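Understanding the architecture of this molecule
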Amino acid sequence: MGGLVVPPVAVASTVRCEAVRDRVGTGDGGVRLERVESEGGREPLTVYRGGSGPPLHLLHDEWGIAGLEPLLEALADDFAVSSPVHPGFEDSPVSPRLRGAGDLALLHLGLLEREAEPAVVVGLSFGGWVALEMAVRCRHHIAALVLVGPTGLRFGAPDERNFVDLFAHDDEALAALLYSDPEKARRPEALDDEALVRWVRNREAVARYGWEPYLHTPGLEDWTGELGLPTLLLHGAQDRFVAPGYYEKVAGAVGGARRREVPGCGHYPHVERPEEVAAMIGEFLSGRGAP
Amino acid sequence: MRAWYFSENGYPYLPDKSEYDSVRVSVPSRLADPRLVADLYDRYLDEFVAAEAAGFGLMINEHHQTATNLNPSLGLLAAVLARRTSTARILVLGHQLAFRRDPLRVAEEMAVVDNYSRGRLEVGFVRGVAPDIAPANAHPLDTVERLWEAHDLIVRAWTSLDGPFNWESEHYHYRQVNLWPRPYQQPHPPLWVTTSSTYNTPEIARHGYVCATFLSGYTLAGRVFHAYRETAAEEGLAIGPDRLAYACMGFAADSDEAAREGAERMMWFTRQTRTAPQWGRVPGYMPTNELVQLLRGGNRREGAEARGGGIDGLIENGILFCGTPDTICRQVEEHFKRTGGYGHLIVMGQNGTSGHEETLRSIELWGAEVLPRIAALGSAFAD
């Protein structure tokens, strides 16, 4: 999608029928998450939600939503968390009108419009790219931006690889590249048949949305300088998914971003240290006097 | 039966497989000695010329960033063959249309080769195999759609004779399509499509193109041919065996033993090299449940099972026709019968470390003592 991008006009919310499918999560800390299936909009959506407090809209990463329960639960202590599965991931059907991160941004912005107040938007890796695409289009419904190991921006000469090619390594090599503790890797061998189907669909979805240009939008940095949003940029101190110095450049390109490292983590601090990431988010938002 | 000679034209001088990660995609090009490559190009051309003399048509294919195949450009090799040969038909099988960003370039090059060969070209289109995705950075999703979309544009470009036309399809945008020159053969060269499953076969049948299946043994080949004939019947198309093609490995020698030894050398790439798994397991390229099965270690292809059984397994499964001409004729006849019959036999007559002299002898024996005896096959279906 090149050229002019028009922010969505606010429309009356389509009535959605929602059904709670099951309760998920570890159950620690007394917070229960629900998995809700939502029909009636252009796409059927699966949404994980729980907790109470100001709205927080979470955009999951390229490995799907399985494994993110500890983070969701930790955030649900202080926020009403809502995490829609990007169509095509997990069990959710592919939507033909969603061809890239920009289209996903339009979908998620439409969901934000239904909240009673602007939401904190948290984007994890691939989800961080979508969050940036949302923010450059329309900030009316975004209270603050949290980017955890985001992709979306690319810097440097043509032969400077910004991101590990997720399609160019076997599972063992990927685990070592992506995680400080490779045991935390979301790998296929340990999965039962149904979970393996979801794992494969997640990989297909990453190809669908992020194949070329690879996990970024050329020129997005031309727009991210002027977001005017409270923005926290978190990344693992041992992140080998990105080129050295990548997040320093992101911090420079995203106007107003505050960068903090999460020690002892690779590319997915929200998987390796979810409570710490939630705490850093909470700290940032209360420090800002956020909702 | 029309016979075609084919070789992947590989570079078999690699060090031990422990010294590099993968023979495809990431094998470093410093392992290719340019002098040896040039020698191999000369040698393989001589083998194609010998095959022409033996009565074969010539088939070539294209792969990228691999030591298993030194032909990354069908157009280039086809053009060379067009000038080194004079009577053999030249079958390019095939252009990886789903991986080519500029289908018009394919249309142009084929028109040129058809003229250089004065109408001896036959053109094949394929989806492309998974290890060629990374080299092209081809999008792995919607490859079947792109194959047919590019095909539609190419055929239109060959046959549109009255000046520029517009073409804005989902994946290809041009505003002034006006191919020069047009093909020698009118309206265009005969078309082939390869398939490795029954999924794409009905579409090939509906277009009336030759449907080729490679090294698929008895069961899968039979299924593909059956699917083609069934679709043709449904569409009310009267077709003959010349719509169906089977590609085998083939090696002839003066004794069964010598032929087996030559066939063992053909297996060098399969046995002595590996392709790193990520290059073959590209998400979105195959249906979800197929990739799931692949990850679980399942592989239903007869070829893979047969490779576990060695040369005997390959022969038993109808993938390799190997022995004296007498032996080979029996093998071909059995395969023909059991699969329902076909009109084209593509013989992969060299691979791996099989040597130049034994390959020439094999080609000679095929030409002199197999092709005449199987010529009558394929004038009618087997059933």
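For every chain, the first residue of its written sequence is number 1, and the numbers climb from 1 along that sequence. To label them, take the chains in the order written and letter them from A, then take the ligands in the order written and number them from 1. Side-chain atom pairs in this predicted model are given and counted only at pLDDT of 80 or more, local residue features only at pLDDT of at least 70, and totals for whole chains, interfaces and linings cover all residues.

Describing the overall build of chain B
- Counting from the N terminus, the helices are DSSP H or I runs at least four residues long and the strands are E runs at least two residues long. Secondary structure summary: chain B contains 15 helices and eleven strands in total.
- Scaling as 2.2 N^0.38, a compact globule of 383 residues should have a C-alpha radius of gyration of about 21 Å, and chain B matches this with 20 Å.
- Principal-axis analysis of the C-alpha atoms places the extent of chain B at approximately 60 × 50 × 45 Å.
- Expressed as a percentage of its 383 residues, the buried residues of chain B come to 47%. For the radius of gyration, the atoms used are the C-alpha atoms, and the globule rule reads 2.2 Å times the number of residues raised to 0.38. Using C-beta atoms placed from the backbone, we call a residue buried if 20 or more other C-beta atoms fall within 10 Å of its own, exposed if 12 or fewer do, and partly exposed for counts in between.

Digging into the confidence of the model for chain A
- The predictor attaches a confidence to each residue, called pLDDT, with possible values from 0 through 100. Per-residue confidence for chain A averages 90 on the pLDDT scale, and 88% of its residues sit at or above 70.
- The contact criterion used is a C-beta to C-beta distance within 7 Å, with each C-beta placed from the backbone. Taken as a whole, residues 6–15 of chain A scores under 50 in pLDDT and shows eleven contacts with residues more than four places along the chain or in a different chain.

Remarks on the packing of helix α5 (residues 193–210) of chain A against helix α11 (residues 288–295) of chain B
- Angles run from 0 to 180 degrees between N-to-C directions of axes, and those axes are lines fitted to C-alpha atoms, restricted for helices to the stretch in contact. At a closest axis distance of 9 Å, the pairing of α5 of chain A and α11 of chain B adopts a crossing angle of 115°. Of the two possible hands of crossing, α5 of chain A and α11 of chain B adopt the one that is right-handed. Together, Leu196, Val197, Val200, Arg201 and Glu204 of chain A of α5 of chain A and Thr288, Leu291, Val292 and Leu295 of chain B of α11 of chain B make up the contact between the two elements.
- Among the residues making up the contact of α5 of chain A with α11 of chain B, the classes are represented as six nonpolar, one polar and two charged. Take the far helix as the reference: if the near one is turned anticlockwise from it by less than a right angle, the crossing is left-handed, and if turned clockwise, right-handed. Just so you know the grouping, Ala, Val, Leu, Ile, Met, Phe, Trp, Tyr, Cys and Pro go in nonpolar, Asp, Glu, Lys and Arg go in charged, and all remaining residues, Gly too, go in polar.

Focus: the interface of chain B and chain A
- On the side of chain A, 15 residues touch chain B, which itself brings 15 residues to the contact.
- Taken together, the elements giving at least two residues each to the side of chain B that touches chain A come down to α10 (277–280) and α11 of chain B.
- Along the lines of polarity and charge, the residues of the side of chain B that touches chain A split into ten nonpolar, five polar and no charged.

A short note on the nonpolar core
- Joining buried Ala, Val, Leu, Ile, Met, Phe, Trp, Tyr and Cys residues through C-beta atoms within 7 Å gives a set, and that set is a nonpolar core. Counting 182 residues, the largest nonpolar core has Leu58 and Cys248 of chain B as its most contacted members.
- Discounting residues that sit within four places of it in the chain, Cys248 of chain B has contacts with Leu215, Ile319, Leu320, Phe321, Leu345, Val347 and Met348 of chain B.

Things to note about helix α15 (residues 356–374) of chain B
Residue and element names in this part refer to chain B.
- To estimate how far a helix should reach, multiply one less than its number of residues by 1.5 Å. For α15, which comprises 19 residues, the first-to-last C-alpha distance of 25 Å matches the rise-based estimate of 27 Å (1.5 Å per residue) to within 8%.
- The sharpest bend along α15 comes to roughly 40°, located at Gly367.
- Of the residues making up α15, those classed as buried are Thr359, Ser362, Ile363, Leu365, Trp366, Gly367, Val370 and Leu371.
- For α15, the elements touching its buried residues are β1 (2–7), α1 (34–54), β9 (244–252), α8 (256–266), α14 (325–339) and β11 (344–350). What we call the bend at a residue is the angle made by axes fitted to the seven residues finishing there and the seven residues starting there.

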